[in-house]
Amino acid sequence: MCQSGHWARTTSHGMITVMGDERAREDSSQGPVVAVLGATGHTGRFVVAELRERGYRPLLLGRSGDRLAAMVQDRPDLEARQASVDDPGSLDRALAGAAAVINCAGPFATTAAPLIEAALRAVIPYVDVAAEIEANVDTFARFGDRARAAGALVVPAMAFFGGLGDLLVTTAKGDWEAADEVHVAYGLSSWHPTAGTLDAGAVSGRRRGGRRVRFAGGRLEYHDDPLPTLKWAFPAPLGPQPVLGEFTMADVVTVPSHLDVPVVRTSMTAVAAADLSAPDASAPVAVDAQGRSDQTFVVDARVRSGRVERRAVVSGRDIYAVTAPLAVEAVERILTGRTRTTGVASAGAAFDAPDFLAALSDHLALHVPLDAQV
Ligand SMILES: NC(=O)c1ccc[n+]([C@@H]2O[C@H](COP(=O)([O-])OP(=O)(O)OC[C@H]3O[C@@H](n4cnc5c(N)ncnc54)[C@H](OP(=O)(O)O)[C@@H]3O)[C@@H](O)[C@H]2O)c1
């Protein structure tokens with residue numbers, strides 16, 4: 001039984017099923033149904049593949065019947081349902097029989113709230129991959145109390161940006177319940193953004209009135225200061241790299257949601273920031289059988305309390321591809337009761353962070369150095 005009490009139970013076959021519409025939700029010969037909104041997108045496709053790989057039955061949701069039909073054409077085992085975030089009834093019908101839902105449809109300023117509402121009505125967990133700071137703030141503010149009261153779990157930003165940094169910070173901080181500063185540095189070799197990333201950036205930019213945002217003094221602060229360029233000492237083989245400081249990512253929402261810390265900074269390799277803002281920015285190109293690009297990453301999370309710094313570092317390949325095991329691992333943990341809380345919770349608050357990262361060792365190489373004096 002999961003912590004929320006009424007979402008999931010284990011069948012005699014060791015399969016997890018959701019109580020409620022038993023006929024639709026339980027099939028002893030196959031894994032649970034997990035709905036994916038935005039299944040036709042670049043990230044959604046990785047999530048669908050990861051679900052299949054782990055024995056779940058992905059239920060493809062999207063707004064375009066044609067795009068869904070094209071995706072399931074040669075895959076009779078896949079089921080797809082058309083739904084619109086503007087039509088709550090269509091979302092309810094689409095989620096019927098699902099044990100959980102993963103939202104990969106950005107901009108999340110548009111899709112998150114209607115789908116969370118539908119997940120709460122369906123009494124199933126909700127996980128999204130939103131990198132939009134304001135949308136993630138909205139999710140905590142609008143649904144925290146209601147999700148907790150319902151015993152439900154809603155996990156926003158369960159992805160490369162937001163979720164992974166939070167798992168690293170939570171791993172690094174260990175037994176600290178407060179810190180003076182958190183800095184997450186992103187060492188991306190390049191960044192070829194998807195259309196969804198560019199759309200999300202444009203929506204967030206408009207919501208900020210073109211201003212920049214940072215987390216300082218224990219709150220989000222909007223400003224017009226130029227971004228500083230720093231040198232960041234990533235571990236070998238990447239080594240020291242120029243980074244744009246205060247290149248603010250979703251970690252400024254996820255980390256302070258459960259760690260008492262006044263300053264959270266995120267930095268991005270200058271080369272990746274330049275790729276992202278280039279007028280001719282191009283989409284990622286698959287170079288391996290799993291559809292991953294040649295992009296590599298190192299994420300270096302440092303947590304300082306006084307003069308002691310704790311650190312956790314991961315490296316891996318393709319920020320979009322690695323989002324799939326992060327989101328699906330979260331769903332798996334929720335459906336098997338390996339959660340720490342209810343309500344709206346970030347990855348670090350919802351799960352055992354070191355154990356979560358260890359479970360993804362096929363995708364992420366984790367290194368936790370000894371404490372350092374700074
Ligand atoms: N936090 C992270 O690290 C992280 C990682 C990966 C992705 N993301 C975010 O996830 C989102 C998707 O990224 P992507 O790479 O998959 O982009 P993408 O390839 O452009 O796909 C976008 C998907 O969202 C769907 N969509 C957009 N607006 C919708 C709406 N109003 N209703 C229903 N579906 C809608 C699209 O459906 P159609 O096919 O109908 O257009 C498509 O399936 C972006 O916001 C991106 O920033 C975040």
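Our subject in this report is the structure included herewith.

1. What to know about the overall build of the chain
Okay, so step 1: Each helix and strand in the chain was counted, giving 13 helices and 19 strands.
Okay, so step 2: What you see for the chain is a C-alpha radius of gyration of 20 Å, in line with the 21 Å of a compact globule of 374 residues.
Okay, so step 3: With the principal axes as the frame, the chain shows a C-alpha extent of 60 × 45 × 40 Å.
Okay, so step 4: Going through the 374 residues of the chain one by one, you find that 53% of them count as buried.
Okay, so step 5: Restricting the contact set of the chain to residue pairs at least 6 apart, pairs at least 24 apart contribute 69%.
Okay, so step 6: With the model as given, the accessible surface of the chain reaches about 15,400 Å², and the carbon-plus-sulfur share is 50%.
Okay, so step 7: On the chain, the mean spot of the 36 positive side-chain charges and the mean spot of the 44 negative ones are 2 Å from each other.

2. Observations concerning the site of the ligand
Okay, so step 1: The full set close to the ligand counts 25 residues, and His 42, Arg 67, Phe 161, Thr 194 and Gly 196 are the nearest of them.
Okay, so step 2: In the model, an oxygen atom of the ligand is placed 2.9 Å from a nitrogen or oxygen of the Arg 63 side chain.
Okay, so step 3: One nitrogen or oxygen atom from the side chain of Arg 67 is found 2.8 Å from an oxygen atom belonging to the ligand.
Okay, so step 4: Here the ligand has 920 Å² of accessible area as a free molecule, and 88% of this is covered by the chains.
Okay, so step 5: Those elements giving two or more residues to the shell around the ligand turn out to be helix 2 (42-53), helix 5 (108-122), helix 7 (160-173) and helix 8 (195-207).
Okay, so step 6: Among the residues forming the shell around the ligand, the class breakdown is 12 nonpolar, 11 polar and 2 charged.

3. Things to note about the layout of surface pockets
Okay, so step 1: Size it by volume and the second largest pocket reaches roughly 420 Å³.
Okay, so step 2: Counting residues per element, the ones that place at least two in the lining of the second largest pocket are helix 2 and helix 11 (323-335).
Okay, so step 3: It is helix 2 that contributes the most residues to the lining of the second largest pocket, 6 residues altogether.
Okay, so step 4: Classifying every residue of the lining of the second largest pocket gives 7 nonpolar, 3 polar and 5 charged.

4. A word on the sheet that holds strand 6 (residues 100-103)
Okay, so step 1: Strand order in the open sheet formed by 7 strands is 5-4-3-6-7-8-17, and the pairing between neighbours is parallel. Sheet topology places strand 5 (79-82) and strand 17 (343-344) at the edges, where each strand pairs with a single neighbour.
Okay, so step 2: Examined bridge by bridge, strand 3 (residues 33-37) and strand 6 share 4 bridges and lie parallel to one another. For Val 36, the partnering residue across the bridge sits in strand 6 and is Ile 102.
Okay, so step 3: Against the sheet, helix 11 touches strand 3, strand 6, strand 7 (126-128) and strand 8 (153-155), its axis set at about 160° to strand 6.

5. Details of the environment of Gly 201
Okay, so step 1: Position of Gly 201 relative to the elements: it lies in helix 8.
Okay, so step 2: When the C-alpha atoms of Gly 201 and Ala 150 are compared, they prove to be 32 Å apart, with 51 residues separating the residues in sequence.

6. Some thoughts on the pairing of strand 11 (residues 219-223)
Okay, so step 1: Sheet analysis places strand 10 (residues 212-216) next to strand 11, joined by 5 bridges and oriented antiparallel. Among the inter-strand pairings, Val 213 is bridged to a residue of strand 11, identified as Tyr 222.
Okay, so step 2: Two successive antiparallel strands, strand 10 and strand 11, enclose a turn made up of 2 residues, where Gly 217 displays a positive phi of approximately 60°.

7. Examining the packing of helix 4 (residues 88-95) against helix 5
Okay, so step 1: One can describe the packing of helix 4 onto helix 5 by two numbers: an axis separation of 9 Å at closest approach and a directional angle of 50°. For the element pair helix 4 / helix 5, the angle class is oblique. Judged by the sense of rotation from one axis to the other, the crossing of helix 4 with helix 5 is right-handed. On helix 5, the residues that touch Pro 88, Leu 91, Asp 92 and Leu 95 of helix 4 are Pro 114, Leu 115, Ala 118, Ala 119 and Arg 121.

8. Focus on the environment of Thr 254
Okay, so step 1: Considering the arrangement of structural elements, one finds Thr 254 in helix 9 (residues 251-254).
Okay, so step 2: For the pair formed by Thr 254 and Phe 161, sequence separation is 93 residues and the distance between their alpha carbons is 9.6 Å.
Okay, so step 3: Setting aside residues up to four positions removed in sequence, Thr 254 forms contacts with Ala 157, Gly 162, Asp 166 and Ser 346.
Okay, so step 4: Within polar-contact distance, the side chain of Thr 254 engages the backbone oxygen of Gly 162 at 2.9 Å.

9. With respect to unusual backbone geometry
Okay, so step 1: A cis amide bond links Gly 106 with the next residue in sequence, Pro 107, at an omega value of 5°.
Okay, so step 2: Tracing the backbone through its elements, the reader meets Pro 107 in the loop between strand 6 and helix 5.
Okay, so step 3: Backbone torsion omega between Ala 236 and Pro 237 reads 10°, so that peptide bond is classified as cis.
Okay, so step 4: With respect to the helices and strands, Pro 237 occurs in the loop between strand 12 (229-233) and strand 13 (240-244).
Okay, so step 5: One non-glycine residue with positive phi stands out, namely Ala 157, at about 55°.
Okay, so step 6: Within the fold, Ala 157 resides in the loop between strand 8 and helix 7.

10. A short note on helix 4
Note on helix geometry: an α-helix contains 3.6 residues per turn, so any two residues three or four positions apart are oriented the same way.
Okay, so step 1: When we look at burial in helix 4, the residues that qualify are Ser 90, Leu 91, Ala 94 and Leu 95. What you see down the axis of helix 4 is that its buried residues fit within an arc of 125°, all on one side.
Okay, so step 2: On the buried face of helix 4, the contacting elements are strand 3, strand 4 (57-62), strand 5, strand 6 and helix 5.
Okay, so step 3: Of the residues flanking the end of helix 4, it is Gly 97, one or two places downstream, whose phi is positive at about 95°.

What counts as what
- Residues numbered from 1 in each chain as written.
- Predicted model: local features only at pLDDT ≥ 70, side-chain atom pairs only at ≥ 80, totals over all residues.
- Heavy atoms only, no water.
- Helix = DSSP H or I, 4+ residues; strand = E, 2+ residues; numbered from the N terminus.
- Rg over C-alpha atoms; globule rule 2.2 N^0.38 Å.
- Buried < 20%, exposed > 50% of the residue type's maximum accessible area, 1.4 Å probe, protein only.
- Contact = heavy atoms within 4.5 Å.
- Areas by Shrake-Rupley, 256 points an atom, 1.4 Å probe, with all protein chains shown as cover.
- Lys, Arg positive; Asp, Glu negative; His and termini not counted.
- Charge placed at Lys NZ, Arg CZ, Asp CG, Glu CD.
- Near = heavy atom within 4 Å.
- Polar contact = N/O pair within 3.5 Å; in protein donor to acceptor, adjacent residues only side chain to side chain.
- Nonpolar A, V, L, I, M, F, W, Y, C, P; charged D, E, K, R; others polar.
- 1 Å grid on protein atoms, 1.4 Å probe; cavity = no way out; pocket = protein on both sides within 12 Å on 5 of 7 lines; lining within 4 Å.
- Points joined across faces, edges and corners; volume = space filled by probe spheres on them.
- Pairing = 2+ DSSP bridges.
- Axes fitted to C-alpha atoms, helices over the stretch in contact; angles between N-to-C directions.
- Parallel < 35°, antiparallel > 145°, perpendicular 65-115°, else oblique.
- Left-handed = near helix turned anticlockwise from the far one by under 90°.
- Arc of directions from axis to C-beta.

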